[in-house]
Amino acid sequence: MDHWHVILDGYGDREKLSGDVITKDGEIIGTWVLDPEDHPGFIPLGETEQVIWSPWIGEFCKLVKEWHEEQEAKRQIGR
């Protein structure tokens, strides 16, 4: 089973409250941000509002991966 869904650049660094979200292929797809309770949220590139939030980091990364896969599928259909 694959548990590595996306990279949260800088996550875990107590000094950082945000950073890039990067796919396994090295594509930057957005930004992660922390709320006051240190729960992560995801803001896609080109957007200003977060579209994903979760109190659990594993679930958060899985949701971001699923979101990205949906966006990629929509792009393929639109071609």
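Quantities reported herein were computed from a predicted structural model and do not represent experimental measurements. (Residues numbered from 1 in each chain as written. Predicted model: local features only at pLDDT ≥ 70, side-chain atom pairs only at ≥ 80, totals over all residues. Heavy atoms only, no water.)

Visitor: What is the right way to read the side chain of His68 from this model?
Guide: With respect to the helices, strands and loops of the structure, His68 is situated in helix α1 (residues 57–78). The residues contacting His68, other than those within four sequence positions of it, are Thr23, Glu27 and Ile29. (Helix = DSSP H or I, 4+ residues; strand = E, 2+ residues; numbered from the N terminus. Contact = heavy atoms within 4.5 Å.)

Visitor: How should I be thinking about α1 in this particular structure?
Guide: What sets the pattern is the α-helix's 3.6 residues per turn: residues three or four places apart point alike. End to end, α1 covers 32 Å across 22 residues, agreeing with the expected 32 Å (1.5 Å per residue, within 8%). If you check which residues of α1 are buried, you get Phe60, Cys61, Val64, Trp67 and His68. The arc enclosing the buried residues of α1, seen along the axis, measures out at 125°, which places them on a common side. Buried residues in α1 make contact with β1 (7–8), β2 (18–22), β3 (28–34), β4 (40–44) and β5 (52–53). (Expected span 1.5 Å × (residues − 1). Buried < 20%, exposed > 50% of the residue type's maximum accessible area, 1.4 Å probe, protein only. Arc of directions from axis to C-beta.)

Visitor: Which parts of the structure should I look at to understand the side chain of Thr23?
Guide: With respect to the element layout, Thr23 can be found in the loop between β2 and β3. Discounting residues that sit within four places of it in the chain, Thr23 has contacts with Ile7, Ile29 and His68.

Visitor: Looking at this model, I keep getting lost on the sheet that holds β5. Mind explaining?
Guide: Whenever strands of a sheet pair, they do so through backbone hydrogen bonds, lying parallel or antiparallel. If you walk across this open sheet you meet the five strands as β1-β2-β3-β4-β5, and the pairing is antiparallel. Across the chains shown, the open sheet's two edge strands, defined by having one partner strand only, are β1 and β5. For β3 and β4, the ladder comprises five bridges, and the chain directions are antiparallel. Note on β4: the bridge partner recorded for Leu34 is Pro40. The strands that α1 touches are β1, β2, β3, β4 and β5; relative to β4, the one it contacts most, it runs at about 15°. (Pairing = 2+ DSSP bridges. Axes fitted to C-alpha atoms, helices over the stretch in contact; angles between N-to-C directions.)

The values reported here are purely geometric and, on their own, carry no functional implication.
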